[in-house]
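# Summary of the model geometry
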Amino acid sequence: MKPVPHATSLRRAPVQRRSAERLTRILDACADLLDEVGYDALSTRAVAQRAGVPIGSVYRFFGNKRQMADALAQRNLERYAERVTERLKGAQRGDWRAAMDAVLDEYLAMKRTAPGFSLVDFGNQIPVGTRAEPNHRVADRLTELLSDYLGREPDDELRRTFLIAVETADTLVHLAFRMAPDGDARIIEEARELLRAYLARALD
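This one's a predicted model, so the numbers in the text were calculated from it and none came from an experiment.

### Notes on empty space enclosed by the protein
- The final tally for this structure, using the stated rule, is one cavity of 30 Å³ or more.
- If you add up the space inside the largest cavity, you get close to 310 Å³.
- The wall of the largest cavity is formed by 23 residues, among which Y80, V103, L142, V166 and A169 lie closest to the centre.
- Those elements that provide at least two residues to the lining of the largest cavity are α5 (96-113), α7 (132-150), α8 (156-179) and α9 (185-203).
- For the lining of the largest cavity, the residue count by class is 19 nonpolar, two polar and two charged.

This is the structure we're talking about:
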């Protein structure tokens, strides 16, 4: 079954399989509608109708559309972490260049293909908290995910390194997608080279 958001993002965590499947349908519907109508026109009623569930089922998990979008952002982050982990299964442990490519490439793939991702991302694009919060969330997740692979302690120094890399990639990738629908290839390559230069100094 697809992952659902951490219980802290929900009014009530799903206990039974049927409830978890209903939550997945709600978030899938939310993602599809974000692509179709945008965040401002999104409504809990429209999500319920698209998901084929009573409106009460939506309110069982979420108090409003902001909480629902934040839960979608958290689910995006978990799916992203799974994609990066899968990508690195065949890589040589300690190879930060392979890790960086996985982190950037999987982010670009989700930005191009995941429903609702262009608006929700990991929380940057809608008012689900401060702009800095989602990038801190991503940096924390990458520290947890990659520290053992890189043979590094998941300490403040590694987290700061990842936070700087995430903030840099976030800014440049958003610029690339403002310049071209699928991301300007030249800007993405410049971002990749910049990240390699920074991480070589920090991780070599």
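### Description of the pattern of salt bridges
- Scanning all chains against the criterion turns up 19 salt bridges.
- Across the pair D70 and R137 runs a salt bridge whose closest N-O atoms are separated by 3.5 Å. Taken as a pair, D70 in helix α4 (residues 65-87) and R137 in helix α7 lie far apart in primary sequence, 67 residues in all.
- A salt bridge links E144 to R141; its shortest N-O distance comes to 3.2 Å. Of this pair, E144 and R141 both sit in helix α7, three residues apart, roughly one helical turn.

### So, helix α1 (residues 17-37)
- Across its 21 residues, α1 extends 30 Å between first and last C-alpha, which sits within 8% of the 30 Å expected from 1.5 Å per residue.
- By the burial criterion, the buried members of α1 are S19, A20, L23, T24, I26, L27, A29, C30, A31, L33 and L34.
- Elements in contact with the buried residues of α1: α2 (44-51), α3 (55-61), α4 and α6 (117-120).
- Taken from the residues just after α1, G38 is the one with a positive phi, measuring 85 degrees.

### Digging into the packing of α8 against α9
- Direction vectors running N to C along α8 and α9 enclose 170 degrees, while the axes themselves pass 9 Å from each other. Compared by their axis directions, α8 and α9 come out roughly antiparallel. Touching L158, R160, T161, I164, A165, T168, A169, L172, L175, A176 and M179 of α8 are I187, I188, A191, L194, L195, Y198, L199, A202 and L203, all from α9.
- Split into classes, the residues belonging to the contact of α8 with α9 amount to 17 nonpolar, two polar and one charged.

### Some points on the nonpolar core
- Counting 37 residues, the largest nonpolar core has Y80, L88, L142 and L146 as its most contacted members.
- Mapped by element, the contributors of at least two residues to this core are α4, α5, α7, α8 and α9.
- For this core, the element with the highest residue contribution is α5, accounting for ten residues.
- When residues no more than four places from it in sequence are discounted, the contact partners of Y80 are V103, L104, E106, Y107, M110, F122 and L142.

### Focus: the side chain of T143
- Within the fold, T143 resides in helix α7.
- Relative accessible area serves as the criterion here: at 6%, T143 is assigned to the buried category.
- For T143, the side chain forms a polar contact with the main-chain oxygen of A139, separated by 2.8 Å.
- Excluding its chain neighbours within four sequence positions, the residues that come into contact with T143 are P154, L158, R159 and F162.

Scoring rules and cut-offs
Residues numbered from 1 in each chain as written. Predicted model: local features only at pLDDT ≥ 70, side-chain atom pairs only at ≥ 80, totals over all residues. Heavy atoms only, no water. 1 Å grid on protein atoms, 1.4 Å probe; cavity = no way out; pocket = protein on both sides within 12 Å on 5 of 7 lines; lining within 4 Å. Points joined across faces, edges and corners; volume = space filled by probe spheres on them. Helix = DSSP H or I, 4+ residues; strand = E, 2+ residues; numbered from the N terminus. Nonpolar A, V, L, I, M, F, W, Y, C, P; charged D, E, K, R; others polar. Salt bridge = Lys/Arg side-chain N within 4 Å of Asp/Glu carboxyl O. Expected span 1.5 Å × (residues − 1). Buried < 20%, exposed > 50% of the residue type's maximum accessible area, 1.4 Å probe, protein only. Contact = heavy atoms within 4.5 Å. Axes fitted to C-alpha atoms, helices over the stretch in contact; angles between N-to-C directions. Parallel < 35°, antiparallel > 145°, perpendicular 65-115°, else oblique. Core = buried A, V, L, I, M, F, W, Y, C linked by side-chain atoms within 4.5 Å. Polar contact = N/O pair within 3.5 Å; in protein donor to acceptor, adjacent residues only side chain to side chain.

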